[in-house]
Amino acid sequence: MTLAANRADVVVIGGGLAGISAAIELAAAGRVVTLIEGRPWLGGATCSFIRRGLTIDNGQHAFLRCCTAYRELLARLGVAGSCSMQDRLDLTVLDGATTGGPAQARLRRSALPAPAHLARSLAGYRLLSTAERLKVAGVAVALQFTDAAPGDARSLGDWLAQHRQDERARAKLWDWLCAAVLNVAPEHADLALAASAIRTAVLAGRDNADIGVPAVPLSGLHGGSAVALLGSLGVTIRLGFRAMAVQPGVAGGYLIRAASAVPAQAAAPDGGIGGAAEDIRADGVVLAVPPGAAAALAPAALAGEAARWSILRSSPIVSVHVIYGSRVTRLPFAAVVGSPMRWVVDKTDAAGLHTGQYLAASIPAADEFVDMPAARLRELVLPVLDRVFPAAAGASIEDFFVTRERRATIRHEPGTQLLRPAFGLPGLAVAGAWTDTGWPDTMEGAVRSGRSAALRLITDLTDGSGPAMPGSASGQAIAPTTAVSGTL
Ligand SMILES: Cc1cc2nc3c(=O)[nH]c(=O)nc-3n(C[C@H](O)[C@H](O)[C@H](O)COP(=O)(O)OP(=O)(O)OC[C@H]3O[C@@H](n4cnc5c(N)ncnc54)[C@H](O)[C@@H]3O)c2cc1C
């Protein structure tokens with residue numbers, strides 16, 4: 001794609017799901033949009049790479065039926081059929097801690113209205129005793145009515161302890177559930193967000209927790225399909241192009257200074273794309289990058305708020321990939337309790353493996369594991385897989401490797417909710433799964449934030465030639481440099 005001009009109605013910075021969603025909305029509303037992404041692909045935190053002929057995702061991504069905005073995005077990208085969505089929640093929960101043969105339970109919903117839809121499953125949850133199940137059911141109901149609000153200093157762990165949920169109830173259910181929705185352990189989880197996420201995902205509607213998983217690699221599901229759709233909507237996509245500053249423009253609007261992320265020595269001989277700075281003028285900006293990058297790029301008028309974004313910490317996810325020489329399970333995916341590994345997903349078909357089986361296991365809330373050598377992770381994970389899938393013990397291992405996402409999501413610890421921004425400036429909207437969406441840092445949150453950022457900008461930019469300069473524009477306007485067109 002060749003850039004004709006360095007002028008756009010709106011520049012979207014960041015090509016993850018938030019930026020993609022914002023760009024789609026803006027372009028569909030008739031705006032001239034340029035999308036800038038520092039990496040050579042769209043999709044952000046959802047991406048894939050090739051290893052020994054297989055397409056490997058950076059981490060396992062699942063979603064629920066209640067993720068309506070994300071599912072609408074899939075439909076708009078034309079890839080809803082590339083995911084498999086359960087008709088009814090049906091989740092096998094494997095106990096990785098049991099050594100006397102495999103122990104498992106099955107969570108299936110009934111046709112009863114919520115929250116009774118899970119009553120039968122919980123009553124038959126064999127990993128807990130009958131008395132423990134009754135207690136868990138009572139606590140789940142109480143969690144719906146907790147008075148916790150954003151800013152509450154209590155963690156979910158504190159609250160569970162107050163409600164006399166012991167180690168076993170934690171190990172066999174709550175730790176898994178908390179990691180699944182917030183990517184942190186209960187003792188680090190913001191109570192208000194945990195309660196609202198568990199309510200939304202599990203308790204608020206009988207079909208909310210039906211699970212969807214991609215049947216194709218993430219790079220095709222999001223990145224590839226987004227390039228095609230955005231191209232058809234006339235969006236200029238600049239991949240490998242990194243924003244370095246966003247400042248109020250001298251004549252209103254904004255000036256975005258950006259440069260190719262390709263190192264200068266790799267530049268084309270004519271200097272065409274090799275790190276030369278370029279300025280793009282726009283009436284509006286969507287800043288859809290992670291919190292640290294957003295804080296660094298924010299104009300001076302946002303400095304006070306941006307300082308708070310930098311306080312947000314992150315929570316890692318480690319993924320362990322095992323290619324077996326033969327099939328070891330028929331389950332498409334399963335939850336695992338009693339182990340740091342929380343999910344196992346069969347990626348055989350999605351990755352393009354023709355013989356054997358490829359299982360990807362996910363370790364969320366992985367502070368303890370993110371720097372662990374692969375050999376040590378292997379010693380830790382393989383015996384658990386042998387326990388939960390007895391056929392694995394006799395299967396050959398053709399490949400074993402680890403992927404680590406250090407900043408997979410923000411760390412949803414108590415107090416975090418007050419640091420997540422809801423607004424930006426006139427004509428500048430902050431987006432991203434980490435912003436104040438009411439959701440945890442998830443694909444659903446990303447899409448929601450991108451859409452609402454776009455709607456805000458459309459309102460800001462309607463009925464005028466663009467937004468006024470930000471009121472307190474204490475930031476220095478940057479002077480345009482020579483424009484350089486890139487060929488992408
Ligand atoms: C391993 C893993 C597993 C996960 N599992 C799930 C799951 O099962 N379900 C779920 O819902 N969510 C899951 N998530 C979270 C989900 O992927 C994220 O919440 C979501 O993708 C974030 O989207 P985003 O657009 O807000 O941010 P990002 O995807 O981080 O996109 C931001 C983009 O901005 C770009 N950028 C940064 N700085 C600049 C700059 N200066 N100039 C230009 N571009 C820039 C980055 O390169 C990036 O592409 C998981 C995440 C990981 C890592």
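None of the values given here were measured: they were computed from a predicted structure.

A. Region of interest: the overall build of the protein. Broken down by element type, the protein carries 14 helices and 19 strands. For the protein, the C-alpha radius of gyration of 24 Å lies close to 23 Å, the compact-globule estimate for 488 residues. Taken along the three principal axes of its C-alpha coordinates, the protein extends 70 × 50 × 40 Å. Split into buried and exposed, the 488 residues of the protein put 55% on the buried side. Looking at the protein alone, contacts between residues at least 24 apart form 71% of all its contacts between residues at least 6 apart. With the model as given, the accessible surface of the protein reaches about 19800 Å², and the carbon-plus-sulfur share is 55%. Put simply, the protein has 44 plus and 40 minus side-chain charges, and the middle of one group is 4 Å from the middle of the other.

B. Structural detail: the site of the ligand. Neighbouring the ligand are 34 residues; Glu37, Ala45, His61, Ala433 and Asp441 lie closest to it. Note that an oxygen atom of the ligand is positioned 2.9 Å from one of the backbone N or O atoms of alanine 18. The contact in question runs from an oxygen atom of the ligand to an N or O atom on the backbone of methionine 443, over 2.9 Å. In isolation the ligand has 1000 Å² of accessible area, and contact with the protein removes 91% of it. Of all elements in the fold, only helix H1 (17-28), strand S2 (33-37), strand S11 (241-248), helix H9 (291-297), strand S18 (397-410) and helix H14 (443-461) reach the threshold of two or more residues within the shell around the ligand. The biggest single contributor to the shell around the ligand is S11, with three residues.

C. Local environment of the environment of glutamate 444. Positionally, glutamate 444 belongs in helix H14. In the structure, glutamate 444 is positioned 376 residues away from threonine 68 in sequence and 7.5 Å away in space, judged by C-alpha atoms. Among all residues touching glutamate 444, those that are not within four sequence positions of it are Cys66, Cys67, Thr68, Ala69, Tyr70 and Trp439. At 2.8 Å, the side chain of glutamate 444 and the backbone nitrogen of tyrosine 70 are in polar contact. At 2.6 Å, the side chain of glutamate 444 and the side chain of arginine 448 are in polar contact.

D. Up close: the domain arrangement of the protein. Per the domain assignment, the segments making up the protein are domain 1 (7-46 + 219-312 + 415-461), domain 2 (80-84 + 314-410) and domain 3 (111-206). Look at where the C-alpha atoms of domain 1 and domain 2 centre, and you get two points 32 Å apart. Buried surface at the junction of domain 1 and domain 2, summed over both partners, amounts to about 480 Å²; 75% is from carbon and sulfur atoms. Of all residues in domain 1, Leu221, Leu312 and Asp441 bury the most surface against domain 2, accounting for 73% of the area lost on that side.

E. Representation of the nonpolar core within the structure. Membership of the largest hydrophobic core comes to 46 residues, with the highest contact counts inside it found for Leu91, Tyr125, Leu156 and Trp174. The dominant element in this core, judged by the number of residues it contributes, is helix H7 (residues 191-203), at ten residues. No fewer than three residues from each of domain 2 (80-84 + 314-410) and domain 3 (111-206) sit in this core. When near neighbours in sequence (up to four residues on either side) are disregarded, tryptophan 174 contacts Val136, Val139, Ala140, Leu143, Leu160, Gln165, Ala169, Pro186 and Ile198. Counting 44 residues, the second-largest nonpolar core is a separate cluster that includes Ala22, Leu26, Leu221 and Val286.

F. Local environment of unusual backbone geometry. A cis amide bond, omega 0°, links alanine 114 with the succeeding residue proline 115. Note that proline 115 resides in the loop between strand S8 (104-108) and helix H3 (119-123). Even without being glycine, arginine 52 reaches a positive phi, approximately 45°. Here arginine 52 lies in the loop between strand S3 (48-51) and strand S4 (54-57). For arginine 52, a relative accessible area of 65% translates into the label exposed.

G. Summary view of the packing of aromatic side chains. Inspection of every chain in the model, using the stated rule, returns four aromatic pairs. Centre to centre, the rings of phenylalanine 63 and tyrosine 70 are 5.0 Å apart; their planes meet at 65°, and the pair counts as edge-to-face. In terms of burial, phenylalanine 63 and tyrosine 70 fall into one category: buried. Where phenylalanine 333 meets tryptophan 343, the ring centres are 6.5 Å apart and the plane angle is 65°; that geometry is what we call edge-to-face. Of the two residues, phenylalanine 333 sits in strand S15 (residues 333-337) while tryptophan 343 sits in strand S16 (residues 343-346), which places them ten residues apart along the sequence. Positioned above the aromatic ring of phenylalanine 401 is the side chain of arginine 51, whose terminal nitrogen or guanidinium carbon lies 4.0 Å from the ring centre.

H. Region of the structure containing helix H8 (residues 218-232). Here H8 is 15 residues long and its end C-alpha atoms lie 21 Å apart, about the 21 Å a rise of 1.5 Å per residue gives. Of all the bends in H8, the greatest, near 25°, is centred on alanine 226. Taken residue by residue, H8 has Leu218, Leu221, His222, Gly223, Ser225, Ala226, Leu229 and Leu230 as its buried positions.

I. Just the sheet that holds S8, in detail. The strand order across the open sheet built from seven strands is S8-S7-S15-S16-S17-S14-S18, with neighbouring strands paired in mixed fashion. Looking at the sheet topology across the chains shown, the edges are occupied by S8 and S18. Neighbouring strand axes in the sheet, compared pairwise and without regard to direction, differ in orientation by 25° on average. Direction of pairing for strand S7 (residues 90-95) relative to S15: parallel, over a ladder of three bridges. Paired with aspartate 95 across the strands is valine 337, a residue of S15. Across the sheet, helix H6 (residues 167-182) lies against S7, S15, S16 and S18, angled at about 125° from S15, the strand it touches most. Packing of helix H12 (residues 374-388) onto the sheet brings it into contact with S7, strand S14 (314-324), S16, strand S17 (357-363) and S18, and relative to S18 it is tilted by some 105°.

Thresholds applied
Residues numbered from 1 in each chain as written. Predicted model: local features only at pLDDT ≥ 70, side-chain atom pairs only at ≥ 80, totals over all residues. Heavy atoms only, no water. Helix = DSSP H or I, 4+ residues; strand = E, 2+ residues; numbered from the N terminus. Rg over C-alpha atoms; globule rule 2.2 N^0.38 Å. Buried < 20%, exposed > 50% of the residue type's maximum accessible area, 1.4 Å probe, protein only. Contact = heavy atoms within 4.5 Å. Areas by Shrake-Rupley, 256 points an atom, 1.4 Å probe, with all protein chains shown as cover. Lys, Arg positive; Asp, Glu negative; His and termini not counted. Charge placed at Lys NZ, Arg CZ, Asp CG, Glu CD. Near = heavy atom within 4 Å. Polar contact = N/O pair within 3.5 Å; in protein donor to acceptor, adjacent residues only side chain to side chain. Domains from an automatic or database assignment. Buried area = accessible area lost by both parts, 1.4 Å probe. Core = buried A, V, L, I, M, F, W, Y, C linked by side-chain atoms within 4.5 Å. Phe/Tyr/Trp six-rings, centres within 6.5 Å; stacked < 30°, edge-to-face > 60°. Lys NZ or Arg CZ within 6 Å of the ring centre and 35° of its normal. Expected span 1.5 Å × (residues − 1). Bend = angle between axes of the 7 residues up to and from the residue. Pairing = 2+ DSSP bridges. Axes fitted to C-alpha atoms, helices over the stretch in contact; angles between N-to-C directions.

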